[in-house]
Number of protein chains: 2
Amino acid sequence: MNHGLGEFEQLVLLALIRLGTEAYGVAIRDEIEQQTGRSVTVGAVYTTLLRLEDKRLVATRLGDPTPQRGGRRKKYYRPLAAGRRELTASLNALRSMTRGLTPGLELP
Amino acid sequence: MNHGLGEFEQLVLLALIRLGTEAYGVAIRDEIEQQTGRSVTVGAVYTTLLRLEDKRLVATRLGDPTPQRGGRRKKYYRPLAAGRRELTASLNALRSMTRGLTPGLELP
DNA sequence: TCTATTTCACCGACATAGTCGGAGAAATGG
DNA sequence: CCATTTCTCCGACTATGTCGGTGAAATAGA
């Protein structure tokens, strides 16, 4: 029986939600770096995305080539209902565990 | 180069903080089960605790035998400064990523 | 005392998640 | 066409997560 999502899986899922229709590999990497300040390689992102897809937590659609040098077709990712549910469950677990703790630790 | 804490490591660290001076194997397991509703084996807890100790994120002290049947000596765990720092960093990353999202996802 | 029973700590083995470097597919500009 | 850019994905390895089970103390009660 499988338990929750790993920490990085959570971050990737959250990036998908933040980016909406513009969520593809490189943008996801950038979003996580921007928001968390920690450096991330695209490779790590794609591997995680692949696994989330295997688990049917995210789905993809292909975009059109963009009119710019190297503008290869992008592959856009979006969370499925199951993915959102898992994410919510993971975050709720943390919320429960942090409830009542000193600010800075508590996840409001 | 190693990045943050895994999800379960976060939960264990949080349980240590919640339990204060009463944090030992079984109590930690129970606390996580109580708060998150998900079932956890003691083995999983001890393995994680061992690894956190290797990484110098937690320290231990031995208690006295308690006056009850089977009241074997407990081993109490407490987070070290480095452990609290790592935990805070992980939680802050999630806070940043959830900021601005619909309630239920956002970690206040 | 000695044995059954309870409470714990920890090991061994395997499954899942995280990380990175680099290969290689498509697209355009010259 | 060929160099260059943007992007996807593979292969290999490390780190985390999980569980079943072993066995060390400790006490209750025969």
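As a starting point, this report considers the structure included with it. (Residues numbered from 1 in each chain as written. Chains lettered and ligands numbered in written order. Predicted model: local features only at pLDDT ≥ 70, side-chain atom pairs only at ≥ 80, totals over all residues.)

1. Regarding the overall build of chain A
- On a plain count of helices and strands, chain A comes out with four helices and two strands.
- Traced from its N-terminal end to its C-terminal end, chain A shows the element sequence α-α-α-β-β-α.
- For chain A, the spread of C-alpha atoms along the three principal axes comes to 50 × 30 × 20 Å.
- For chain A, the residues scored as buried account for 34% of the 108 residues in total.
- Partitioning the intrachain contacts of chain A with sequence separation of at least 6 by distance along the chain shows that 43% fall at a separation of at least 24. (Helix = DSSP H or I, 4+ residues; strand = E, 2+ residues; numbered from the N terminus. Buried ≥ 20, exposed ≤ 12 C-beta atoms within 10 Å, placed from the backbone. Contact = placed C-beta atoms within 7 Å.)

2. Here we look at the relation of the copies chain B and chain A
- Superposing chain B onto chain A requires a rotation of 180° together with a translation of 0.0 Å along the rotation axis, leaving an RMSD of 0.1 Å. Here the copies are linked by what is in effect a two-fold axis.
- Counting the interface residues of chain B, we find that 100% of their copies in chain A are interface residues as well, pointing to one common contact surface. (Least-squares fit on C-alpha atoms with pLDDT ≥ 70 in both.)

3. Looking at the nonpolar core
- Ranked by size, the top nonpolar core spans 46 residues in total, and within it A:Val12, A:Ala15, B:Val12 and B:Ala15 carry the most contacts.
- Contributions of two or more residues to this core are made by α1 (7-19), α2 (25-36), α3 (42-54) and α4 (81-98) of chain A together with α1 (7-19), α2 (25-36), α3 (42-54) and α4 (81-98) of chain B.
- Discounting chain neighbours no more than four positions away, the residues touching A:Val12 are A:Ile28, A:Val45, A:Thr48, A:Leu49 and A:Leu52. (Core = buried A, V, L, I, M, F, W, Y, C linked by C-beta atoms within 7 Å.)

4. Overview of the interface of chain B and chain A
- Contacts between the two partners involve 27 residues from chain B, matched on the other side by 27 residues from chain A.
- At the level of elements, α1, α2 and α4 of chain B are the ones that each hand at least two residues to the side of chain B that touches chain A.
- Among the elements that take part in the side of chain B that touches chain A, α4(B) stands out by supplying nine residues, more than any other.

5. A few points about α1(B)
Residues and elements named next belong to chain B.
- With 13 residues, α1 extends 19 Å from end C-alpha to end C-alpha; this agrees with the ideal 18 Å at 1.5 Å per step.
- Here α1 lies mainly inside the structure; 10 of its 13 residues are buried.
- Looking only at α1, the buried set comprises Glu7, Glu9, Gln10, Leu11, Val12, Leu13, Leu14, Ala15, Leu16 and Arg18.
- Where α1 ends, the next residue or the one after it, Gly20, has phi of about 60°, a positive value. (Expected span 1.5 Å × (residues − 1).)

6. Overview of the protein's contact with DNA strand C
- DNA strand C sits among 36 residues. The nearest are A:Gly6, A:Gly43, A:Pro65, B:Gly25 and B:Gly70.
- Going through the elements one at a time, α1 and α3 of chain A together with α2 and α3 of chain B are the ones with two or more residues in the surface near DNA strand C.
- Per-element tally for the surface near DNA strand C: the top contributor is α3(A), with six residues. (Near = placed C-beta within 6 Å.)

7. Side note on unusual backbone geometry
- The backbone of A:Arg56 sits at a positive phi, close to 60°, despite the residue not being glycine.
- Among the structural elements, A:Arg56 can be located in the loop between α3 and β1 (58-62).

8. Let's talk about the protein's contact with DNA strand D
- The environment of DNA strand D is made up of 37 residues, and the closest members are A:His3, A:Gly25, A:Gly70, B:Gly6 and B:Gly43.
- At six residues, the largest contribution of residues to the surface near DNA strand D is made by α3(B).
- By residue class, the composition of the surface near DNA strand D is 12 nonpolar, 15 polar and 10 charged. (Nonpolar A, V, L, I, M, F, W, Y, C, P; charged D, E, K, R; others polar.)

9. Some points on the packing of α1(A) against α4(B)
- Where α1(A) contacts α4(B), the axes come no closer than 9 Å and their chain directions differ by 15°. Classified by the angle between their axes, α1(A) and α4(B) sit roughly parallel to one another. For the pair α1(A) and α4(B), the crossing hand works out as left-handed. Between α1(A) and α4(B), the residues in contact are A:Glu7, A:Gln10, A:Leu11, A:Leu14 and A:Ala15 and B:Ser90, B:Ala93, B:Leu94, B:Met97 and B:Thr98, respectively. (Axes fitted to C-alpha atoms, helices over the stretch in contact; angles between N-to-C directions. Parallel < 35°, antiparallel > 145°, perpendicular 65-115°, else oblique. Left-handed = near helix turned anticlockwise from the far one by under 90°.)

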